[in-house]
Amino acid sequence: MNSDLQAKSILDQAEILIPAEQVQTAVANIACKLNAALTGTCPLVLSVMGGAVVFTGQLLPQLTFPLDFDYIHVSRYGNSQEGGSLNWKVEPRENVSGRIVLVLDDLLDEGETLAAIRQRVMALGASRFYSAVFAVKQTKKIRPVHADFFGVELPCRFVFGFGMDIQGKWRNLPAVYALREK
Ligand SMILES: O=P(O)(O)OC[C@H]1O[C@H](OP(=O)(O)OP(=O)(O)O)[C@H](O)[C@@H]1O
Ligand SMILES: Nc1nc2[nH]cnc2c(=O)[nH]1
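The name given to the chain in an unreviewed UniProt entry is Hypoxanthine-guanine phosphoribosyltransferase, with Candidatus Nitrotoga fabula as the source organism.

This is the structure in structure tokens:
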């Protein structure tokens, strides 16, 4: 099957977990909380490519404080559903030094990615680190880091849509899906 048909078949067999309207409400809630917490500051916002691209694009216009924007790019899943070692494609830069940094990501799963980002950003001299993730997966494991702000909780299943990919596809979906459990 070619990759276009394969992607359509994956979506056909998927279950919707968070409909698009609920996604929008969750993003607006995060914006409200960030506006309350960060008003009076001018943070450097770092978006974690590629998963945070949709969340970032929808969140930023709802923030009411001035900010600087940059991105980092790190991946540890690739096209797989299992996490591996971190692959840094664009690392945090010296521009984080002395800044309040707000990192935006789509998902907190095992927390390895956010923990590594936090460690690097603080090592480069950020004065304060905040994180906002669209979704947090439910887990019984203890994570190395927590998200300061999040929008929705998700079951411990592989999810896609709203920036999150499945085999590289479907980041463009406005809702969040999971494969049906067999
Ligand atoms: O909490 P963790 O278990 O570390 O996983 C969370 C990370 O996994 C996803 O990125 P991924 O590695 O899939 O890269 P991508 O954003 O390019 O899809 C997601 O965007 C988070 O950055
Ligand atoms: N797309 C996607 N990326 C992830 N990274 C960690 N967990 C997940 C997941 O469930 N879906």
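Now that the structure has been shown, we can carry on.
Trainee: Requested: an account of the overall build of the chain, with residues and values cited.
Mentor: From N to C terminus, the chain includes 4 helices and 9 strands. Mapped from its N terminus to its C terminus, the chain presents α and β elements in the order α-β-α-β-α-β-β-β-α-β-β-β-β. Taken over the C-alpha trace, the chain has a radius of gyration of 16 Å; the compact-globule value for 182 residues is 16 Å, and the two agree within 12%. In terms of principal-axis extent, the alpha carbons of the chain reach across some 50 × 35 × 30 Å. Out of the 182 residues belonging to the chain, those deemed buried represent 44%. In the chain, the share of contacts with a sequence separation of at least 24, taken over all contacts with a separation of at least 6, comes to 68%. If you sum the accessible surface of the chain, you get close to 9200 Å²; carbon and sulfur atoms cover 51% of it.

Trainee: Before we move on, can you summarise the sheet that holds strand β1 (residues 14-18) with the specific residues and values?
Mentor: What the 3 strands build is an open sheet, ordered β1-β9-β8; its pairing is antiparallel. Edge strands, defined here as strands with exactly one partner in the open sheet, are β1 and β8 (159-160). Across 4 bridges, the pairing between β1 and strand β9 (residues 176-179) is antiparallel. Paired with I18 across the two strands is V176, which belongs to β9. Against the sheet, helix α1 (residues 3-12) touches β1, β8 and β9, its axis set at about 65° to β1.

Trainee: Any details on the nonpolar core? Residues and values, ideally.
Mentor: Of all hydrophobic cores here, the largest spans 28 residues; its most connected members are L34, F55, L59, L102, F134, L154 and V176. Of all the elements in the fold, those that place two or more residues in this core are β1, α2 (20-38), α3 (53-59), β5 (100-108), β6 (128-137), β7 (149-154) and β9. In this view, F134 contacts V23, A26, V27, I30, F55, D105, D106, F150, G151, V152, F162 and V176; residues no more than four positions away in its chain are not counted. Counting residues in hydrophobic clusters, the runner-up holds 20 residues, among them L44, V74, V103 and I117.

Trainee: Got a sec to walk through the site of ligand 2? Specific residues and values, please.
Mentor: Taken together, the neighbourhood of ligand 2 is formed by Y77, L107, D109, K137, R157, F158, V159, M164 and D165. With respect to ligand 2, the side chain of D109 contributes an N or O atom lying 2.7 Å from a nitrogen atom. In this structure, D165 approaches ligand 2 through a main-chain N or O atom, which is 2.7 Å from a nitrogen atom. The protein chains hide 91% of the 280 Å² of surface that ligand 2 would expose on its own. Here the shell around ligand 2 is built from residues that sort into 5 nonpolar, no polar and 4 charged.

Trainee: Go over the sheet that holds strand β4 (residues 87-90) with me, naming the residues and quoting the values.
Mentor: Sheet strands line up and pair through hydrogen bonds in the backbone, either parallel or antiparallel. Across the sheet, which stays open at both edges, the 6 strands sit in the order β4-β3-β2-β5-β6-β7 with mixed pairing between neighbours. The open sheet has two free edges, formed respectively by β4 and β7, since each of these has just one partner strand. The sheet shows a mean angle of 25° between the axes of neighbouring strands, direction not considered. The pairing of β5 with β6 spans 8 bridges and is classified as parallel. Note that in β6 the partner of L108 across the bridge is V136.

Cut-offs used in this document
Residues numbered from 1 in each chain as written. Chains lettered and ligands numbered in written order. Predicted model: local features only at pLDDT ≥ 70, side-chain atom pairs only at ≥ 80, totals over all residues. Heavy atoms only, no water. Helix = DSSP H or I, 4+ residues; strand = E, 2+ residues; numbered from the N terminus. Rg over C-alpha atoms; globule rule 2.2 N^0.38 Å. Buried < 20%, exposed > 50% of the residue type's maximum accessible area, 1.4 Å probe, protein only. Contact = heavy atoms within 4.5 Å. Areas by Shrake-Rupley, 256 points an atom, 1.4 Å probe, with all protein chains shown as cover. Pairing = 2+ DSSP bridges. Axes fitted to C-alpha atoms, helices over the stretch in contact; angles between N-to-C directions. Core = buried A, V, L, I, M, F, W, Y, C linked by side-chain atoms within 4.5 Å. Near = heavy atom within 4 Å. Polar contact = N/O pair within 3.5 Å; in protein donor to acceptor, adjacent residues only side chain to side chain. Nonpolar A, V, L, I, M, F, W, Y, C, P; charged D, E, K, R; others polar.

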